[in-house]
Amino acid sequence: MPRPLTFTAGLVALALLLTFPLVFTLPYPRDVMIRIFLYATLATAWNVLAGYCGQISLGHAVFFGTGAYTSTVLVKSLGLTPWAGMLAGAALAVALSQVIGYPVFRLRGHYFAIATIAVGEIVQTFMINWDWVGGARGLFIPIDRTGSLLAFQFRDKQVYYYIALGLLLLALWVTRRIERSRTGYYFRAIREDQDAAASLGIPVARYKQRAMAVSAALTALGGTFYAQYILFIDPESVLPLSLSILICLIAVLGGVGTLWGPLIGAAILVPLGEATRIYLGGTGKAIDLLIYGFLIMVISVVQPGGIMALAQRGRRRTG
Amino acid sequence: MSADALGGTALEARGLDVLYGDYQILWDVSFRARRGEVVAILGPNGSGKSTLMNTLSGLVRARSGEISLGDRRIESLPPHKIVGLGLAHVLERRRLFPYLTVRQNLLLGAYHPGARARREETLADVEALFPHLRERQTQMAGTLSGGEQQMVAIGRGLMARPALLMVDEPFLGLAPRVIEQIAEVLTAINRERGITVVFIEQNVELALRMAHRGYILESGRAILEGPSADLLASSEVKRIFLGH
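Given the structure is predicted, the values throughout are model-derived calculations rather than measurements. (Residues numbered from 1 in each chain as written. Chains lettered and ligands numbered in written order. Predicted model: local features only at pLDDT ≥ 70, side-chain atom pairs only at ≥ 80, totals over all residues. Heavy atoms only, no water.)

Along the backbone of chain B there are eleven helices and ten strands. In terms of overall size, chain B behaves like a compact globule, its C-alpha atoms giving a radius of gyration of 17 Å where 244 residues would be expected to give roughly 18 Å. In terms of its C-alpha atoms, chain B occupies a principal-axis envelope of roughly 50 × 40 × 40 Å. Of all 244 residues assigned to chain B, the portion counted as buried reaches 54%. When contacts within chain B are restricted to residue pairs at least 6 apart in sequence, long-range pairs at least 24 apart make up 68% of them. Across chain B, 29 positive and 27 negative side-chain charges occur, with their mean positions spaced 5 Å apart. (Helix = DSSP H or I, 4+ residues; strand = E, 2+ residues; numbered from the N terminus. Rg over C-alpha atoms; globule rule 2.2 N^0.38 Å. Buried < 20%, exposed > 50% of the residue type's maximum accessible area, 1.4 Å probe, protein only. Contact = heavy atoms within 4.5 Å. Lys, Arg positive; Asp, Glu negative; His and termini not counted. Charge placed at Lys NZ, Arg CZ, Asp CG, Glu CD.)

Below you can see the structure in the form of structure tokens.
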């Protein structure tokens with residue numbers, strides 16, 4: 001494929017994304033875009049561990065919640081800027097991921113996935129019962145009236161838009177770097193055949209932990225962003241199993257183990273969720289969710305490799 | 001090379017007991033390969049050949065027993081450390097990474113720092129051994145023929161620059177002509193590069209023709225051991241493999 005063309009296309013896409021909030025000044029379209037960026041970031045982060053290293057986690061809400069809770073607790077108790085809280089959240093998520101990974105990576109395949117669900121449930125239950133961090137009532141982030149950039153609170157969604165876009169670009173850049181690095185090859189070797197990778201002398205456990213650390217850190221950044229965007233968090237919104245599954249679903253639908261798959265998945269699923277909610281919601285019978293679920297099933301039956309597989313097949317046919 | 005001209009012990013195991021859960025696979029198995037030797041591990045299906053090899057390379061932990069590589073005890077080391085000490089293991093059924101290219105598969109064999117530093121040099125050496133692989137370098141490994149895949153698997157093992165190469169069933173499912181090629185390469189690896197070779201094979205004649213010495217496993221016990229010629233003549237071998 002001619003490289004300059006892809007590069008130009010990327011620049012044009014980036015320019016369009018940067019000018020989007022200038023054209024669409026209403027909050028709603030900006031909100032949809034922000035959520036696409038946020039979920040794409042989360043799915044991209046998940047993809048590092050699951051797509052490249054082959055370890056399907058269904059407990060990533062834990063890292064999202066870690067990011068959200070860490071920055072929120074720090075701003076409430078110490079008045080620390082959420083920007084620093086964001087980094088602290090990522091650091092704590094990395095530490096937590098290593099503690100979780102140590103026992104859980106002894107399991108393989110489905111058993112690993114099941115264990116991550118269990119960890120997610122344990123953490124959520126724990127947070128519901130931990131009163132110091134709000135328990136089941138959750139935490140409000142105190143409204144900042146100074147308007148300082150350090151407070152990470154903005155009246156205008158435009159600023160959130162650019163921050164979310166920045167997070168997404170960071171996640172994509174990290175994935176790209178890993179994809180092309182030696183570490184990325186070790187990840188893929190582990191994904192394709194863990195025993196063969198071990199027999200070649202690749203320390204499998206160590207590289208799984210690394211993939212988990214990167215994935216957890218990026219997910220936690222998204223968690224802090226979410227907390228500052230919504231300004232309220234509770235275990236039901238930042239630690240549910242449904243979030244872990246949604247992250248997985250987005251990546252799988254877009255195409256796991258590919259750079260752009262998670263972004264494509266988010267760009268389809270988030271608006272799809274919105275559309276079914278707007279046009280079919282409000283009946284009180286959850287028809288929107290039925291249709292939403294049905295459409296997901298259609299996509300996975302027609303294109304099990306994800307949208308990226310479809311795109312790659314098309315390219316092979318034309319090229 | 002005659003057995004007398006061989007060097008000291010390359011790999012030795014004593015009294016290995018291996019269990020999967022409560023089920024014992026190996027019973028008090030001892031094994032030895034001298035430097036520069038070609039050793040065959042023989043035995044019927046389910047006799048524990050692969051388990052023995054997996055235990056030697058650290059993929060499976062023994063319940064009890066000792067394993068030494070040269071003068072280092074390795075029974076409690078993880079596999080990646082063992083590879084770094086010069087023991088490479090080519091797994092049964094080749095276990096390539098099917099969606100990576102031939103070249104990428106080979107390069108992944110050079111993990112440990114010593115091998116990584118001399119990667120290009122080793123790669124040239126491996127490609128000289130298997131000229132065919134150079135032509136296929138950008139092809140996905142999963143699309144190769146069985147014989148080619150076995151060459152990649154052996155090549156990938158050699159990329160670790162081992163002093164001892166273990167190959168689990170190198171001839172499994174291959175055409176007779178390809179078997180000859182692989183056998184020649186394994187012999188060349190041993191003679192020209194001085195690498196100790198340990199391999200598993202079901203075909204007694206073929207295995208003992210290639211090997212200096214052989215071990216025969218039956219139901220998890222090493223029941224017979226000796227120079228190839230002695231084993232070929234042994235009535236016990238005939239009993240186990242031919243049912244006489």
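Time to look at the pattern of salt bridges. Residue and element names in this part refer to chain A. Going through the model one piece at a time under the given rule, you end up with 25 salt bridges over all chains. Here Glu274 makes a salt bridge to Arg35, at a shortest N to O gap of 2.9 Å. Placement of the pair is Glu274 in helix 12 (residues 261-280) and Arg35 in helix 2 (residues 27-52), with a sequence separation of 239 residues. In this structure Glu274 comes out as buried when scored by relative accessible area, which is 7%. (Salt bridge = Lys/Arg side-chain N within 4 Å of Asp/Glu carboxyl O.)

Residues and elements named next belong to chain A. Helix 9 (residues 204-230) packs onto helix 6 (residues 157-180) with a crossing angle of 175° between their chain directions and a minimal axis gap of 11 Å. Between helix 6 and helix 9, the interaxial angle falls into the category roughly antiparallel. Contacts between helix 6 and helix 9 involve Lys157, Tyr160, Ile163, Ala164, Leu167, Leu170, Ala171, Val174 and Ile178 on the former and, on the latter, Val214, Leu218, Leu221, Gly222, Phe225, Gln228 and Tyr229. Tallied by class, residues from the contact of helix 6 with helix 9 come to 13 nonpolar, two polar and one charged. (Axes fitted to C-alpha atoms, helices over the stretch in contact; angles between N-to-C directions. Parallel < 35°, antiparallel > 145°, perpendicular 65-115°, else oblique. Nonpolar A, V, L, I, M, F, W, Y, C, P; charged D, E, K, R; others polar.)

In this section: the pairing of strand 6 (residues 87-90) of chain B. Taken residue by residue, a regular strand's side chains alternate between the two faces of the sheet. Residue and element names in this part refer to chain B. In strand 6, alternate side chains face the same way, and those of Leu87 and His89 on one face and Ala88 and Val90 on the other are all buried. Looking at chain direction, strand 6 and strand 7 (residues 164-167) are connected through four bridges and run parallel. Among the inter-strand pairings, His89 is bridged to a residue of strand 7, identified as Met166. (Pairing = 2+ DSSP bridges.)

Bringing the interface of chain B and chain A into the picture now. Contacts between the two partners involve 18 residues from chain B, matched on the other side by 18 residues from chain A. Between chain B and chain A lies a buried interface of about 1,800 Å² when both sides are counted; carbon and sulfur atoms form 61% of it. Three residues stand out in chain B for area buried against chain A, namely B:Phe97, B:Leu108 and B:Tyr111, and they jointly supply 35% of the buried area on that side. Applying the counting rule to chain B against chain A returns two salt bridges. (Buried area = accessible area lost by both parts, 1.4 Å probe.)

Attention shifts here to the sheet that holds strand 2 (residues 23-34) of chain B. Taking strand neighbours across the sheet as the criterion, the four strands line up as 2-1-4-5 (chain B) in an open arrangement whose pairing is antiparallel. Both edges of this open sheet fall to strand 2 and strand 5 (72-73) of chain B, since each of them pairs with a single strand only.

Let us look at the sheet that holds strand 7 of chain B. All names here are of chain B. The sheet built from six strands is open, its strands ordered 6-7-8-3-9-10 with mixed pairing. Each of the sheet's edge strands pairs with one partner strand only, and the pair in question is strand 6 and strand 10 (221-227). This sheet shows a mean twist of 15° between the axes of neighbouring strands, independent of strand direction. Here helix 8 (residues 176-193) sits on the sheet and contacts strand 3 (38-42), strand 7 and strand 8 (196-200); the angle it forms with strand 8, its principal contact strand, is near 155°.

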